[in-house]
Amino acid sequence: METAAELFCQAIQEEGNITVLTGAGVSAGSGIPTFRGPEGFWTVGSREYHPQEIATFSMFARDPESVWVWYLYRMGMCKKATPNAGHEALARLDSILGDRFTLITQNVDNLHIRAGSSESRTFEIHGNIFKTRCASACSEGIFPLPEDLSPKRRGEALTDKEKRSLRCPSCGGWLRPHVLWFDETYNERYFRFESAIHVAENTRLLITVGTTGATTLPNHITNLVFGNRGLMIDINIADNPFARLATQANRGIYVQGESSRILPKLVQVADCA
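Here is a short report on the structure shown in this document. Because the structure is predicted, anything quoted here is derived from the model rather than measured.

### A look at the nonpolar core
By size, the foremost hydrophobic cluster in this structure holds 30 residues, and its most contacted members are Ile54, Trp68 and Tyr71. Of all the elements in the fold, those that place two or more residues in this core are β2 (42-44), α4 (57-62), α5 (64-80) and β6 (127-134). Of the residues forming this core, the biggest block, ten residues, is contributed by α5. With residues near it in sequence (within four places) discarded, Tyr71 still touches Ala55, Ile129, Pro177, Val179 and Trp181. Counting residues in each nonpolar core, the second largest holds 29 residues, with Ala4, Ala11, Ile233 and Ala270 among its members.

Pasting the structure below:
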């Protein structure tokens, strides 16, 4: 932890850009289960679907109502959760560093924004479960989740009123969750792809937190910083590819532990710098 604080302090004093990349581990302290955990499995009819099957555009095209019920079930979990000390520490860092800071998150739970992180400097590269857009892409608009939708329990179905609420105001087709599905690719309009790459290319210190690099853009970001000989800190409860990359970096370290405990200690360094 002392070495991580030294690297962090050095990056602040050198006035370089600082980027934080977060994954599901940050929200685990708020009680949100990981996407690929047992809570993600879903039964439609007589068949049980893995998250990698139900969280797809192809599944939505076949059975939009079942996909929406699953997302409303997950939305209920996210709605009940509250930001933890790790989220709050990153919001504090955002306010201290201003435009030198970027938060790139794989989480769709909205907890970073609720904790106070600025929307302009928070790149939700996998979307936000509390937003929607037209499934037919009749426009590029992103809309808030309709207020009259209720969290779902297993076995529940959409009501007629909810089905009407989930229609695009422009074309009348289905709205879809504003998330990146497994059979889709990153883009700039919805997921800040080019912006995230640009940030990575100009990052002096990268802090990866609670993520293990299961998707392509986070891997690309970390490899860019590594290739540019940037400083790297990985915070995770278990060894992972990003931890190994950090320890191989020009100057990097792996800190094992919960982000809700470690991040506030790092941000104290920024307060004193």
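### Here's the deal with the sheet that holds strand β4 (residues 101-105)
Taking strand neighbours across the sheet as the criterion, the six strands line up as β5-β4-β1-β9-β10-β11 in an open arrangement whose pairing is parallel. Each edge of the open sheet carries a strand with a single partner, namely β5 (122-124) and β11 (251-256). Each strand of the sheet is rotated relative to its neighbour by a mean of 15 degrees, with strand direction disregarded. In this sheet, strand β9 (residues 203-209) lies alongside strand β1 (residues 17-22) in parallel orientation, the contact comprising six bridges. Bridge pairing in β9 places Ile18 opposite Leu205.

### A short note on the pattern of salt bridges
For the structure on display, the rule yields ten salt bridges. When the shortest N-O distance is used, the salt bridge between Lys152 and Glu162 registers 2.8 Å. Within this pair, whereas Lys152 is found in the loop between β7 (142-144) and α8 (160-165), its partner Glu162 is found in helix α8, the two being separated by ten residues in sequence. For the pair Lys152 and Glu162, one class covers both residues: buried.

Calculation notes
- Sequence order as written defines the numbering, with residues in each chain counted from 1.
- Local features in a predicted model are, by the rule used here, given only for residues with pLDDT of at least 70; side-chain atom pairs are given and counted only at 80 or more, and totals for whole chains, interfaces and linings are based on all residues.
- Neither water nor hydrogens contribute to the side-chain values; these are computed over all heavy atoms in the structure.
- Take the buried Ala, Val, Leu, Ile, Met, Phe, Trp, Tyr and Cys residues and link them wherever side-chain atoms come within 4.5 Å; each set so joined is a nonpolar core.
- The rule is simple: take the accessible area with a 1.4 Å probe, protein chains only, and divide by the maximum for that residue type; under 20% is buried, over 50% is exposed, in between is partly exposed.
- Helix and strand assignments follow DSSP, with helices taken as H or I runs no shorter than four residues and strands as E runs no shorter than two, numbered in order from the N terminus.
- Residue contacts are counted whenever heavy atoms from the two residues lie within 4.5 Å of one another.
- Only strands joined by at least two bridges in the DSSP assignment are considered to pair.
- Axis definition: a line fitted to C-alpha atoms, over the contacting stretch in the case of helices. Angles run 0 to 180 degrees between N-to-C directions.
- Every case where a carboxyl oxygen of Asp or Glu lies within 4 Å of a side-chain nitrogen of Lys or Arg is listed as a salt bridge.

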